[in-house]
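Tertiary structure, described
Single-letter residue listing:
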Amino acid sequence: MEQLKHLQNDIEKALAELKVSHQPQALYEPIRYFLSIGGKRIRPILVLLAARMFNNKREDVLNQALAVELFHNFTLVHDDIMDNAPLRRGIQTIHEKWNPSQAILSGDVLMIVAYQYLMRTDAQYMEALMHSFNKMAIEVCEGQQMDMDFEQRDDVTIPEYIEMIRLKTSVLLGCALEIGAIISDASENDRKNLYDFGVNIGLAFQIQDDILDVYADAEKFGKQVGGDIISNKKTYLYLTARSHANEAQNAIFEAQMSNSNHAEKVEIIRGLYDELNIRQKSEVAMQEFYEKAMQHLGAISVDENNKTALIGLADYLMGREV
Ligand code: IPE
Ligand code: IPE
Ligand code: MG
Ligand code: MG
Ligand code: MG
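Below, the structure is looked at part by part. Computed from a predicted structure; not experimentally measured.

**Points about the overall build of the chain**
When helices and strands are tallied, the chain shows 16 helices and two strands. For the chain, whose C-alpha radius of gyration is 20 Å, the value lies close to the compact-globule estimate of 20 Å for 322 residues. With respect to the three principal axes, the spread of C-alpha positions in the chain is 60 × 50 × 35 Å. The proportion of buried residues among the 322 residues of the chain is 55%. Taking contacts inside the chain between residues at least 6 apart in sequence as the whole, the part at least 24 apart equals 74%. Here the chain contributes 32 positively and 48 negatively charged side chains, and the mean placements of these two sets differ by 4 Å.

Okay, structure coming up:
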């Protein structure tokens, strides 16, 4: 998707121009490192595409786009500590390259700078933007805590899982689009449908993320393959597998929970997923959320031509490999 590349370049350029202080170096060096290593830049692009959909020509929309990407990067830096993740975007995570204290603090700064960018707009939008952003930020924390709580539980249900990923992942996509709608003076109804489009795309996106965690090509993926299995994450794949497994298969799952040989654990659990056809079942669930998302996009009162870029982005996300 050619347009996607252009937009990614715009975000990349803006991030490179972002003035990050230098002292203390131990605080700012990790931020510079993290922001310079790319990423798909999906969320800022959602802000830009939402604004375009409503024919918003304001140049300062880029500020709110950056706010969303900075916030996302903050969540990743802290998420990698929580998930004990060694790799992100193909390179060492901050807490591994430096230490967890520096990762916490540089993450904090990223979050605060996100708010600085969010507020760089007309005063008339401030209240609505803050309300949407704050609500999202608290929900992401709730989702992250649920995700960790679930590691210790063996009775998590699919509806609980969906609620957890709605919070940890989807509301940020919804919020990015909602921000685009707010600064474009969209109607309440359009704003709500756009948000719901984002939330449903986000649910499909996180299920895809769960699939990639098990099945991605390690070279391309940039994250540790099998990380969710190692941490006993209750992913869509895991929960679906447990509900379809027979007694013997369930016994293997139980036994693997405490296997400290990580490579062996990943191989055995992936084998069970294959036997149970879990990848395909997960793709069906993704497709259902994609279709719900499209219904909400369809209900927005702008010319259908104005929606093609968002549809293109959603399609790209459904087939992503990283
Ligand atoms: C990773 O998000 C976190 C999830 C919600 C799964 P992305 O896959 O968008 O990460 P980057 O920004 O492209 O690295
Ligand atoms: C991402 O969940 C949620 C947030 C970062 C808030 P994951 O833990 O699955 O994301 P990755 O796989 O590490 O990117
Ligand atoms: Mg996580
Ligand atoms: Mg993680
Ligand atoms: Mg993941």
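**Some points on the pattern of salt bridges**
Tallied over the entire structure, the rule returns 24 salt bridges. Between Asp155 and Arg153 there is a salt bridge; the shortest N-O distance is 2.8 Å. A relative accessible area of 27% places Arg153 in the partly exposed class. Salt-bridge contacts for Glu283 lead to Arg279; the nearest nitrogen and oxygen are separated by 3.3 Å. Taken as a pair, Glu283 and Arg279 lie in helix H15 (residues 278–298) at a separation of four residues, close to a single helical turn. The class of Arg279 is partly exposed, set by a relative accessible area of 35%. It is possible to trace a salt-bridge network through shared partners that takes in Asp83, Asp147, Glu151, Lys168 and Lys233.

Quick notes on the rules
- Residues numbered from 1 in each chain as written.
- Chains lettered and ligands numbered in written order.
- Predicted model: local features only at pLDDT ≥ 70, side-chain atom pairs only at ≥ 80, totals over all residues.
- Heavy atoms only, no water.
- Helix = DSSP H or I, 4+ residues; strand = E, 2+ residues; numbered from the N terminus.
- Rg over C-alpha atoms; globule rule 2.2 N^0.38 Å.
- Buried < 20%, exposed > 50% of the residue type's maximum accessible area, 1.4 Å probe, protein only.
- Contact = heavy atoms within 4.5 Å.
- Lys, Arg positive; Asp, Glu negative; His and termini not counted.
- Charge placed at Lys NZ, Arg CZ, Asp CG, Glu CD.
- Salt bridge = Lys/Arg side-chain N within 4 Å of Asp/Glu carboxyl O.

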